[in-house]
Amino acid sequence: MKVIDKIKRAEQEGRSFWSFEYFPPKTPQGVQNLYDRMERMQRYGPEFVDVTWGAGGTSADLTTEIVATAQSVYGLETMMHLTCTNMPVQQIDDALEAAKKCGCQNILALRGDPPKGQANWESCESGFEHAVDLVRYIRQKYGDYFCIAVAGHPEGHIDNPDKEDDLLRLKEKVDAGADLVVTQLFFDIEAFITFYHKARAIGIECPILPGVFPIQNYSGLKRVIAFNDNFVPQKIWDELESIKEDDTAVKEYGINLTVDFIKRFRQEGINGFHLYTFNLERSSRLVLERLELVAPIENIKPLPWSPSLNNKRAKENVRPIFWKNRTKSYIQRTETWDEFPNGRWGDSRSPAFGELDGWGINLRYPVEQCIKMWGTPKSADDIASTFARYCKGEIAGIPWSSQQLDAETEIIRQRLSAINLLGYLTINSQPAVNGVKSSHSVYGWGPKNGYVYQKAYLEFFVSPDKLSELIAKIDKDPQVTYYAVNKQGDLRTNTQNDEPNAVTWGVFPGKEIIQPTIVEAIAFMAWKDEAFELWSRWARIYERESESAELILDVTNNYYLINIVHNDFQDENGIWRLFDLEIDGEISRKLLQSNVAR
């Protein structure tokens, strides 16, 4: 969707709106951490995010990858920066086609900064000299497909000492086809207000989003203002003087200053603003919280998961549970599925169904960090302890899940820890929910005034002996269905057909029942290859002949992956009764041993 359309809708509804800016990190680990942060910050309800572009396309591949991932994996409406610096027309065309391919319809057209080591800006051969030329080119070649944003300079462009002329250059960009203006960051609120009213006076009628940056620390402020020679009023310097050595106090000051700026924008009738996050999260979150700005839950969570904004996945409104903990892997693994017919989550007839890719079976962390978190296990109890520690929040992740447990899992966290210590190595779970309001802060999703439901499910690895014992218990409970498979593909199940089993659904006014999350055999079998391969990847962080590697490979080759669904969603304890007999007798001892071992 075009950002300008989202902004117009927000203006019509008379509500505040905001956006976040990110830049491509320099390391692979930094990129993965940015994805984690973007996923969390998606919950803060930005209308869009934008991703910067290195001079001469130095970060072009990474910028387009981040844009594509934000659109497809995290459901974030994304705006891609595009500069003229060292960019021949062919390279610009390649960038625009890459944006279009991943469903991004928003471009921030910039002249750009001089390349590193070059004092003055110069156009390249077969390139553009000014941002207005880039705007005209995009409009000429792509018509109305892209929403085009341009930069505004409240203090005047660093290369143009004439502020009045700089405003005319801005109007020229708008007249050439720009839909909105995003300003460079500033710390002089009066300079921005003056700029804003002058822009309106000369006929710039499109939205103007002020760019604000919560000060993080004193030295960082000096570095930031050096980029564009920003003016900082003496009042700010004076207020910072007594706290400049206290980073915590400076950060708090920066948050409050940004809050004051945004309140002033509102007084001027400006409802939207653009937060320069510098890839940081906390300050942005606190700014929004202190302004009591909370996006409607149906905007943030129209489904239990973030819908992909890639055009190819536009009809995807149902997913199997196996997307949950490895979202990026799921999206990429299924990117080439041919279609999404009849509202189903995927077409198992596609020759690309279940295809694995390189990313999907990599560990999230560097080897040193993996060993620090998971240690060097010598027994099955050591592995179980690692899984239990993850459930308790004591380590950041496991190979199957690179993020902390969702908030909805809080009510079952202790039980998850308990059954892991008993040898049921959980990698995915969901509690039962019996008709909570769709506006619920933890379980809610979808339109207003609806109700949402969940069946409890667990997915875990288990030894063959424990599997046999567990199936004997399952056979006594007609409400439980399961699929179990080992690495070799030997499938065991008690389901009588291949129909999907809906485990999440919602009932909303004026709509059919929506069932966006399901379990089914085809998806389970497609996922199992990746699930077992992650054990092998874990084993590879150790020497091949080591006790830890041998232990993990033994698990890989002999354990089963099992998915259990308790179909009575009104019975919140039903699924746990399968384990209670063991828990009652053993859990205290296991927990004590686990604590002593640490």
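Because the structure is predicted, anything quoted here is derived from the model rather than measured.

### A closer look at the overall build of the chain
Tallying secondary structure elements over the chain gives 20 helices and 18 strands in all. Per-residue burial for the chain yields a buried fraction of 58% across its 598 residues. The long-range fraction of contacts in the chain, counting pairs at least 24 apart against all pairs at least 6 apart in sequence, stands at 74%. Element-wise, carbon and sulfur atoms account for 48% of the exposed surface of the chain, whose accessible area totals about 25800 Å².

### Points about the side chain of Glu281
Turning to its location among the elements, Glu281 is positioned in the loop between strand S8 (272-276) and helix H11 (282-290). A polar atom in the side chain of Glu281 sits 2.8 Å from the side chain of Arg40.

### What to know about the nonpolar core
Core analysis: the largest hydrophobic core is formed by 104 residues, its most contacted members being Phe20, Met38, Leu82, Phe187, Phe192, Phe265 and Phe273. Once you skip the residues sitting within four places of it in the chain, Phe273 turns out to touch Phe17, Trp18, Ser19, Leu209, Pro210, Val212, Ile262, Phe265, Leu288 and Leu293. Counting 67 residues, the second-largest nonpolar core is a separate cluster that includes Ala432, Ile474, Ala523 and Tyr559.

### With respect to the sheet that holds strand S15 (residues 491-493)
Spatial strand order, S10-S13-S18-S14-S15: five strands in an open sheet with antiparallel pairing. Since the sheet does not close on itself, it has two edges, and those belong to strand S10 (425-430) and S15, each with one partner. Sheet twist, expressed as the average angle between the axes of neighbouring strands with direction ignored, equals 10 degrees. Pairing of strand S14 (residues 480-486) with S15, which is carried by three bridges, proceeds in the antiparallel orientation. Residue pairing in the sheet places Ala484 in a bridge with Arg492 of S15. Across the sheet, helix H17 (residues 464-474) lies against strand S13 (456-462), S14, S15 and strand S18 (560-566), angled at about 20 degrees from S18, the strand it touches most.

### Here's the deal with the packing of aromatic side chains
Following the criterion strictly, the structure yields 30 aromatic pairs and no others. Here Trp18 and Phe273 contribute two aromatic rings whose centre-to-centre distance is 6.3 Å and whose plane-to-plane angle is 25 degrees, an arrangement assigned as stacked. Of this pair, Trp18 sits in strand S1 (residues 17-22) while Phe273 is found in strand S8, placing the two residues 255 residues apart along the sequence. Their ring planes at 85 degrees and their centres at 5.6 Å tell us that Tyr424 and Phe460 sit as a pair that is edge-to-face.

### Details of the environment of Pro431
Assignment of secondary structure puts Pro431 in the loop between S10 and strand S11 (433-437). Setting aside anything within four residues of it in sequence, one finds Pro431 in contact with Glu408, Ile411, Ile412, Tyr443, Gln454, Lys455 and Ala456.

### As for the pattern of salt bridges
Following the criterion strictly, the structure yields 28 salt bridges and no others. Residue Arg264 is joined to Glu268 by a salt bridge in which the shortest nitrogen-to-oxygen separation is 3.6 Å. Taking the relative accessible area as the measure of exposure, Arg264 reaches 22% and is therefore partly exposed. A relative accessible area of 24% places Glu268 in the partly exposed class. Residue Arg285 is joined to Glu289 by a salt bridge in which the shortest nitrogen-to-oxygen separation is 3.1 Å. Linking Arg285 with Glu289, this pair stays in helix H11, spanning four residues, or about one helical turn.

### A look at the confidence of the model for the chain
Looking at the chain, pLDDT values average 86 and 87% of them are 70 or higher. Contacts from residues 114-124, a stretch scored under 50 in pLDDT, to residues over four places away or in other chains number 19 contacts. Between residues 594-598, whose pLDDT stays under 50, and residues either more than four places distant or in other chains, the model counts seven contacts.

### Description of empty space enclosed by the protein
Empty space among the atoms becomes apparent when a probe as large as a water molecule is rolled across them. Scanning the entire structure with this criterion turns up four cavities of 30 Å³ or more. Quantified by volume, the largest cavity comes out at close to 130 Å³. Lining the largest cavity are 15 residues, with Asn325, Leu405, Ile427, Asn428 and Ser429 positioned closest to its centre. Elements with a minimum of two residues in the lining of the largest cavity: helix H15 (380-391) and S10. Ranked by residue count, the leading element in the lining of the largest cavity is S10, at four residues.

### Some words on the pairing of S10
Along S10, six of the six residues are buried, which leaves the element largely enclosed by surrounding structure. Both S10 and S13 contribute to a ladder of five bridges, which runs antiparallel. What sits directly across from Thr426, in S13, is Phe460.

### Some points on the packing of helix H8 (residues 218-228) against helix H9 (residues 234-241)
Where H8 meets H9, the axes come as close as 11 Å, and the angle between the chain directions of the two elements is 155 degrees. In terms of axis orientation, H8 runs roughly antiparallel to H9. Across the interface between the two elements, Tyr218, Leu221, Lys222 and Ile225 from H8 touch Trp237, Leu240 and Glu241 from H9. When its residues are assigned to classes, the contact of H8 with H9 shows five nonpolar, no polar and two charged.

### Remarks on helix H4 (residues 89-101)
With 13 residues, H4 extends 18 Å between its outermost C-alpha atoms, agreeing within 8% with the 18 Å of an ideal straight helix rising 1.5 Å per residue. Listed as buried for H4 are Ile92, Asp93, Ala95, Leu96 and Ala99. For H4, the angular spread of buried residues about the axis comes to 165 degrees, placing them on one side. Turned more than 90 degrees off the buried face of H4, the exposed positions are Gln90 and Lys101. Downstream of H4 by one or two residues, Gly103 has phi in the positive range, about 90 degrees.

### Description of the environment of Asn567
Structurally, the position occupied by Asn567 is in the loop between S18 and helix H20 (577-597). For the pair formed by Asn567 and Val503, sequence separation is 64 residues and the distance between their alpha carbons is 8.0 Å. Dropping the residues within four chain positions of it, Asn567 is found in contact with Lys455, Gln479, Val480, Thr481 and Asn501. Among the polar contacts made by the side chain of Asn567, one reaches the main-chain carbonyl oxygen of Gln479 at a distance of 2.8 Å.

### Observations concerning unusual backbone geometry
One non-glycine residue, Glu292, lies in the positive phi region at around 55 degrees. Structurally, Glu292 is set in the loop between H11 and helix H12 (297-300). Residue Glu292 is classed as exposed on the basis of its relative accessible area, which comes to 71%. At Asn449, a residue that is not glycine, the phi angle is positive and equals roughly 60 degrees. Its location among the elements puts Asn449 in the loop between S11 and strand S12 (451-454).

### Some details on helix H3 (residues 60-72)
With 13 residues, H3 extends 18 Å between its outermost C-alpha atoms, agreeing within 8% with the 18 Å of an ideal straight helix rising 1.5 Å per residue. All buried positions along H3 are accounted for by Ala60, Thr63, Thr64, Ile66, Val67, Thr69, Ala70, Gln71 and Ser72.

Conventions and cut-offs
Residues numbered from 1 in each chain as written. Predicted model: local features only at pLDDT ≥ 70, side-chain atom pairs only at ≥ 80, totals over all residues. Heavy atoms only, no water. Helix = DSSP H or I, 4+ residues; strand = E, 2+ residues; numbered from the N terminus. Buried < 20%, exposed > 50% of the residue type's maximum accessible area, 1.4 Å probe, protein only. Contact = heavy atoms within 4.5 Å. Areas by Shrake-Rupley, 256 points an atom, 1.4 Å probe, with all protein chains shown as cover. Polar contact = N/O pair within 3.5 Å; in protein donor to acceptor, adjacent residues only side chain to side chain. Core = buried A, V, L, I, M, F, W, Y, C linked by side-chain atoms within 4.5 Å. Pairing = 2+ DSSP bridges. Axes fitted to C-alpha atoms, helices over the stretch in contact; angles between N-to-C directions. Phe/Tyr/Trp six-rings, centres within 6.5 Å; stacked < 30°, edge-to-face > 60°. Salt bridge = Lys/Arg side-chain N within 4 Å of Asp/Glu carboxyl O. pLDDT = per-residue confidence, 0-100. 1 Å grid on protein atoms, 1.4 Å probe; cavity = no way out; pocket = protein on both sides within 12 Å on 5 of 7 lines; lining within 4 Å. Points joined across faces, edges and corners; volume = space filled by probe spheres on them. Parallel < 35°, antiparallel > 145°, perpendicular 65-115°, else oblique. Nonpolar A, V, L, I, M, F, W, Y, C, P; charged D, E, K, R; others polar. Expected span 1.5 Å × (residues − 1). Arc of directions from axis to C-beta.

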